[in-house]
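A look at the structure
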Amino acid sequence: MSSKSQAVQAGQTLWAKMPKANAELFALTYGSLVTELVRDYEDPIEVNAQLDRIGHSIGVRCVDEFLSKADVAGMGSATRCSNLRDTAEVLAKVGFKMFLGTGAEAGGFSQDQRSFSIYLQDNPLSTFVELPQHGDDHQSGGDDLRKLKYSNLYCGVIRGALEQVNLKVECSIVRDTLKGDEVNEIRVELKEVLADGAGDDYKDE
Amino acid sequence: MGFLHLFIVNKSGGLILHRPLGPAAPRIGTNEWLRIGSTFHSLHAIAAEASPVKLPGNKNQSGADDGIEQIEGGGIILKCLQTRTGIKFVITAEPGTPDLDTVLREIYVLYSDCALKDPFYELEMPIRCELFTNSVDNLIERVESGGVKAR
């Protein structure tokens, strides 16, 4: 069982060991990716789905890096989760910290302990971003961009990463600072725990 | 004291990499390797079932599937690292070779840095990344000459 402070410390140690990239380059690259997608697909719902897919391929690869580096740094025990609450804490405090440098908070646990929220105070992806205002004349789909979930990449990343460790989840962005809310909130819901492994075939023969 | 072979098995039991790590390593054909990989995968799972000590959910203390971790024989040691994502890193070496655990964990890090970050590498497919194989060779060279300090 990882305690919260152990997770925070692990997050900081792992972040210190990661090679750093220029934050502006990162934000601008992502911004150009999103604008290209908007130009290609025109429908913001479709763009959200594409961002989720891109995030998914990132997530399935990120999780091995996370686990291997934590293990080598001696922080393997900080990544051990015995329930969904631990998973949420590790995801927010260690995962987000390690890859993005910003701490996130886990909270909003539901009664049945099957869903939680991740709160991000600063979103490194949306550093320079302003969504076009409602009713912009020269943009034919102008007010539609309100339906765009700019940071939907995170939802895909979380979904992909947890899928590799046998947790099937659904993620969605419920609050977005780009739309005027005070904090970015990602809601994660556990759908099922996948049972894999060859062992299942050999049981109870 | 020498390393013999490295092989990596994916989640479904298919072999995604096999690499001789030293001059003493026996040279076997690729088909043999594929057979060895899948046999090990099944034995790993059966061992957890056959074990007199059964862990809850068949998960060991690091959260990964329980199974064969080490096989020691007359002229060989085989060590396996099972990751939480279902991949097995297996290394064989002559008895007395130090640092096998550390090497396996370093190889896991190399896998996540070189193979996974290659945009053209598909998960669960055979690894064809030169960067990864070169890094593994360099790691083995460093270990054989000087020893790897735990980070």
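Right above here is the structure, for reference.
The present account deals with the structure reproduced in this document. (Residues numbered from 1 in each chain as written. Chains lettered and ligands numbered in written order. Predicted model: local features only at pLDDT ≥ 70, side-chain atom pairs only at ≥ 80, totals over all residues. Heavy atoms only, no water.)

To continue, consider unusual backbone geometry. Residues and elements named next belong to chain A. Of note, Q113 is a non-glycine position whose phi angle comes to about 60°, a positive value. Mapped onto the fold, Q113 is located in the loop between β1 (104-107) and β2 (115-120). A residue is classified by how much of its surface remains accessible, and Q113, at 35% relative accessible area, is partly exposed. (Helix = DSSP H or I, 4+ residues; strand = E, 2+ residues; numbered from the N terminus. Buried < 20%, exposed > 50% of the residue type's maximum accessible area, 1.4 Å probe, protein only.)

Residues and elements named next belong to chain A. Pairing within the open sheet is antiparallel, and its four strands lie in the order β1-β2-β4-β3. The open sheet has two free edges, formed respectively by β1 and β3 (167-175), since each of these has just one partner strand. The mean angle between the axes of side-by-side strands here comes to 25°, regardless of whether they run parallel or antiparallel. Together, β1, β2, β3 and β4 (184-193) form the strand contacts of helix α4 (residues 84-100), whose direction differs from that of β2 by roughly 20°. (Pairing = 2+ DSSP bridges. Axes fitted to C-alpha atoms, helices over the stretch in contact; angles between N-to-C directions. Contact = heavy atoms within 4.5 Å.)

Below, the discussion takes up the nonpolar core. Ranked by size, the top nonpolar core spans 45 residues in total, and within it F3(B), I8(B), F89(B), Y111(B), I127(B) and F132(B) carry the most contacts. Take this core: its biggest share by element is nine residues, from helix α2 (residues 100-115) of chain B. When sequence neighbours within four positions are dropped, the list of residues in contact with F89(B) reads F7(B), I8(B), K79(B), C80(B), L81(B), T83(B), L104(B), I107(B), Y108(B) and Y111(B). Counting 35 residues, the second-largest nonpolar core is a separate cluster that includes L145(A), L162(A), L178(A) and V188(A). (Core = buried A, V, L, I, M, F, W, Y, C linked by side-chain atoms within 4.5 Å.)

Turning our eyes to something else, we now look at the interface of chain A and chain B. Contacts between the two partners involve 22 residues from chain A, matched on the other side by 29 residues from chain B. With a shortest N-O distance of 3.1 Å, K117(B) and E65(A) are connected by a salt bridge. Counting the contacts that link chain A with chain B gives 10 residue pairs in polar contact (both at pLDDT 80 or more). With 10 residues, the single largest contributor to the side of chain A that touches chain B is helix α3 (residues 44-72) of chain A. Here the residues of the side of chain A that touches chain B sort into eight nonpolar, six polar and eight charged. (Salt bridge = Lys/Arg side-chain N within 4 Å of Asp/Glu carboxyl O. Polar contact = N/O pair within 3.5 Å; in protein donor to acceptor, adjacent residues only side chain to side chain. Nonpolar A, V, L, I, M, F, W, Y, C, P; charged D, E, K, R; others polar.)

Take the sheet that holds strand β2 (residues 15-20) of chain B next. Residues and elements named next belong to chain B. Taken together, five strands build an open sheet; the order of strands is β2-β1-β5-β4-β3 and the sheet is antiparallel. Taken across any chain shown, the strands that pair with only one partner, and hence form the sheet edges, are β2 and β3 (70-72). On average, each strand axis in the sheet is tilted by 10° relative to the strand beside it, whichever way the strands run. Examined bridge by bridge, β3 and strand β4 (residues 77-82) share three bridges and lie antiparallel to one another. The residue of β4 that forms the bridge with Q70 is K79. Each of β1 (3-9), β2, β3, β4 and β5 (88-93) touches helix α1 (residues 30-50); the most contacted strand, β1, lies at about 70° to it. Sheet strands touched by α2: β1, β4 and β5. Its angle to β5, the strand with the most contacts, is close to 140°.

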